[in-house]
Amino acid sequence: MDYFSIGMNWFCLAAQSVMQCLFVLRFTGQRLRAVYLPAFLLLMGGLELFAVGVSLPWGLAIGAQLGVLYSFNRLALHSQRSVAGVAALIAIYISQLSFGLVNSLETVLFPGLIGRLLLYPLLVLATCGALALCAACYYLTLQFLSLPQAGQLPFVGVLLLPQLFFLAAELYILQTSYNSLAVNLTPADLGWHLLLFGLQALGLAALLCTLWAYRGICRGFQTQAQVDLLLQAAQAQKTYLAEAQQRYAKSRSFRHDLKNHLAVLDGLLARGQYAAGRDYLQKLESASLDLEPAYQTGNPAVDVLLAEKLGLAAAEGIETEVELALPQPCAVDDFDLCVIFANALDNACQACREVRGAKSIRIVGERQGDFLRLEFINTCREAEPLPPPGVGLGNIKAVAEKYQGAMLTEKNGGFFCLNVLLNIAD
């Protein structure tokens, strides 16, 4: 191998590694850190030196690159297995596809230039074209896969088999048809390479169509989640309305009988039956307490929701504790507050049901400067890992981001903690 080929190989490796690293960062929704690019370049460079040193077969070298990229996604970016696998497959496939398309054109256009000085600048130009095509394909892939929030890729595992097929087909084409530059091409060879060029172009189109269809599926799930969210809010409003009507009926009945109660109390006091009057007054006080909500947070909608959810929890033997004071007026809409509390309490109750022994739910909330901090703590299985974000946590996170806040989940032994921070500055 001459120095020109060695230099071009290392240039391509560096450029591809940078683009692959940036692509998987954007694909997984991670932020670029200063250490990522140098670390990834060192990994790929070390792998290339090893492959050359032991004369590793080309197919195994590509597989090793795939393994390094997958490991980088898993260990450095902490991506899920399916996300890491799909990101690595797409990154390697696009890289190989771009050079495969350019190789098809080189095979058709360059045979007559072998041995001439003009061949070298044309090879440099073709390599730059392949890298530009690779960057364009990465961009198109991200556009076709664009979602409202980067990194949210539900059921991304369905893309593994199609991407694996695309990559295997491309590697087969490259290995069997482009091991070396042909010197003389017959018309049949020319037609064959043009056919391979068309097949690879169709492979790129199939990739984009697959990602476009997957994006449609994801948006369908998101639309369904929004519908479920609206149904949940509507149910909460119905519960609140029914509770309000019930309390109104009790208040009306109590006011209707109040004159009679006062007359009885006046008669007892007039006859000097003070002990009986005191007992009767205590019964009146107990009856009036029934008219007040079980929880008084400062928000009627949240009060009703807590009474419903925590009432069901208490019936299942779950100990509940509430230390919550919502500011009034509050910049957070009642609808959004109900979304947070309903999803958080549903998840907490579900986790408690899976625990044997004592179980509890604790809610803490207070204003801290321009922010409202809400904390939900519940018992959970001690050996269980932190649960993956589902629809409920996704809804809570969406509300938090709507108010320029954040959501944080953590697990400490047998307790799961959900923290929500909302900006309520006027």
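Placed above this text is the structure.
Residues numbered from 1 in each chain as written. Predicted model: local features only at pLDDT ≥ 70, side-chain atom pairs only at ≥ 80, totals over all residues. Heavy atoms only, no water.

A. Representation of the pairing of strand E5 (residues 415–423) in the model. Relative to E5, strand E3 (residues 371–379) runs antiparallel, the two sharing nine bridges. Residue pairing in the sheet places Leu 372 in a bridge with Leu 422 of E5. Judged from the seven bridges that link them, strand E4 (residues 406–412) and E5 form a sheet pairing that is antiparallel. Bridged to Ala 406 within E5 is Leu 421. (Pairing = 2+ DSSP bridges. Helix = DSSP H or I, 4+ residues; strand = E, 2+ residues; numbered from the N terminus.)

B. Up close: the environment of Gly 100. With respect to the secondary-structure elements, Gly 100 resides in helix H4 (residues 81–109). Classification of Gly 100 by relative accessible area gives buried; the value is 0%. (Buried < 20%, exposed > 50% of the residue type's maximum accessible area, 1.4 Å probe, protein only.)

C. Geometry of the packing of aromatic side chains. Taken as a whole, this structure holds seven aromatic pairs when the rule is applied. Ring centres 5.8 Å apart and planes at 40 degrees place the aromatic pair Phe 23 and Phe 27 in the tilted group. Linking Phe 23 with Phe 27, this pair stays in helix H1 (residues 3–28), spanning four residues, or about one helical turn. Phe 23 sits in the buried class, given a relative accessible area of 2%. On the basis of relative accessible area, Phe 27 is assigned to the buried category, the value being 3%. The rings of Phe 23, Phe 27 and Tyr 138 are connected pair by pair, giving a single aromatic cluster. (Phe/Tyr/Trp six-rings, centres within 6.5 Å; stacked < 30°, edge-to-face > 60°.)

D. View of the sheet that holds E3. Pairing within the open sheet is mixed, and its five strands lie in the order E1-E2-E3-E5-E4. Edge strands, defined here as strands with exactly one partner in the open sheet, are strand E1 (319–324) and E4. On average, each strand axis in the sheet is tilted by 10 degrees relative to the strand beside it, whichever way the strands run. Bridge analysis of strand E2 (residues 360–368) against E3 gives eight bridges, and the strand direction is antiparallel. Paired with Gly 365 across the two strands is Leu 374, which belongs to E3. Helix-sheet contacts for helix H9 (residues 300–315) involve E1 and E2, and the interaxial angle to E1 is about 160 degrees. In this fold helix H10 (residues 334–353) packs onto E1, E2, E3 and E5, with an angle of close to 15 degrees to the strand it touches most, E3. (Axes fitted to C-alpha atoms, helices over the stretch in contact; angles between N-to-C directions. Contact = heavy atoms within 4.5 Å.)

E. Geometry of the side chain of Thr 379. The residue Thr 379 is located in strand E3 in this model. Judged by its relative accessible area of 7%, Thr 379 is buried. In this structure, Thr 379 is in contact with Ala 351, Cys 352, Val 355, Ala 358, Lys 359, Ser 360, Gly 414 and Phe 415, ignoring residues within four places of it in sequence.

F. Region of interest: the packing of helix H3 (residues 58–76) against H4. One way to put it is that H3 packs onto H4 with a least axis distance of 9 Å and a crossing angle of 140 degrees. Taken together, the axis directions place H3 and H4 in an arrangement best described as oblique. Judged by the twist between their axes, the crossing of H3 over H4 is right-handed. Residues Trp 58, Ile 62, Gln 65, Leu 66, Leu 69, Tyr 70, Asn 73 and Arg 74 of H3 form the contact with H4, whose own contacting residues are Arg 81, Ala 84, Gly 85, Ala 87, Ala 88, Leu 89, Ala 91, Ile 92 and Gln 96. Residues that form the contact of H3 with H4 fall into these classes: 11 nonpolar, four polar and two charged. (Parallel < 35°, antiparallel > 145°, perpendicular 65-115°, else oblique. Left-handed = near helix turned anticlockwise from the far one by under 90°. Nonpolar A, V, L, I, M, F, W, Y, C, P; charged D, E, K, R; others polar.)

G. View of the packing of H3 against helix H6 (residues 160–177). Running from N to C, H3 and H6 point in directions that differ by 145 degrees, and their axes come no closer than 11 Å. Here the hand of the crossing between H3 and H6 comes out right-handed. Where H3 abuts H6, its residues Trp 58, Ile 62 and Leu 66 lie against Leu 167, Leu 171, Leu 174 and Gln 175. The class makeup of the residues in the contact of H3 with H6 is six nonpolar, one polar and no charged.

H. Up close: a nonpolar patch on the surface. Together, Tyr 3, Ile 6, Trp 10 and Leu 49 line one region of the surface with nonpolar side chains, adding up to about 480 Å² of accessible area. As for its position among the elements, Ile 6 is in helix H1. Note on Ile 6: relative accessible area 33%, which makes it partly exposed. (Patch = residues over 30% accessible without salt bridge, like charges linked within 9 Å, V, L, I, M, F, W, Y side chains within 5 Å. Areas by Shrake-Rupley, 256 points an atom, 1.4 Å probe, with all protein chains shown as cover. Salt bridge = Lys/Arg side-chain N within 4 Å of Asp/Glu carboxyl O.)

I. Expanded view of the environment of Ser 104. Considering the arrangement of structural elements, one finds Ser 104 in helix H4. Distance in space between the C-alpha atoms of Ser 104 and Gln 200 is 9.3 Å, their sequence separation being 96 residues.

J. Expanded view of the pairing of E3. When you tally the buried positions in E3, you get seven out of nine residues, the bulk of the element. Where E2 folds back on E3, the antiparallel hairpin that results is connected by two residues, among which Gly 369 adopts a positive phi of roughly 70 degrees.

K. Quick look at the pattern of salt bridges. Inspection of every chain in the model, using the stated rule, returns seven salt bridges. As a salt-bridge pair, Lys 309 and Asp 346 come within 3.0 Å of each other at their nearest N and O atoms. Of this pair, Lys 309 sits in helix H9 while Asp 346 sits in helix H10, and the two are 37 residues apart along the sequence. By relative accessible area, which is 32% here, Asp 346 ends up partly exposed. Across the pair Lys 402 and Asp 336 runs a salt bridge, and its minimum N-O distance is 2.9 Å. Taken together, the residues span a long stretch of sequence, with Lys 402 in helix H11 (residues 391–402) and Asp 336 in helix H10 at a distance of 66 residues. It is possible to trace a salt-bridge network through shared partners that takes in Glu 321, Glu 323 and Arg 362.

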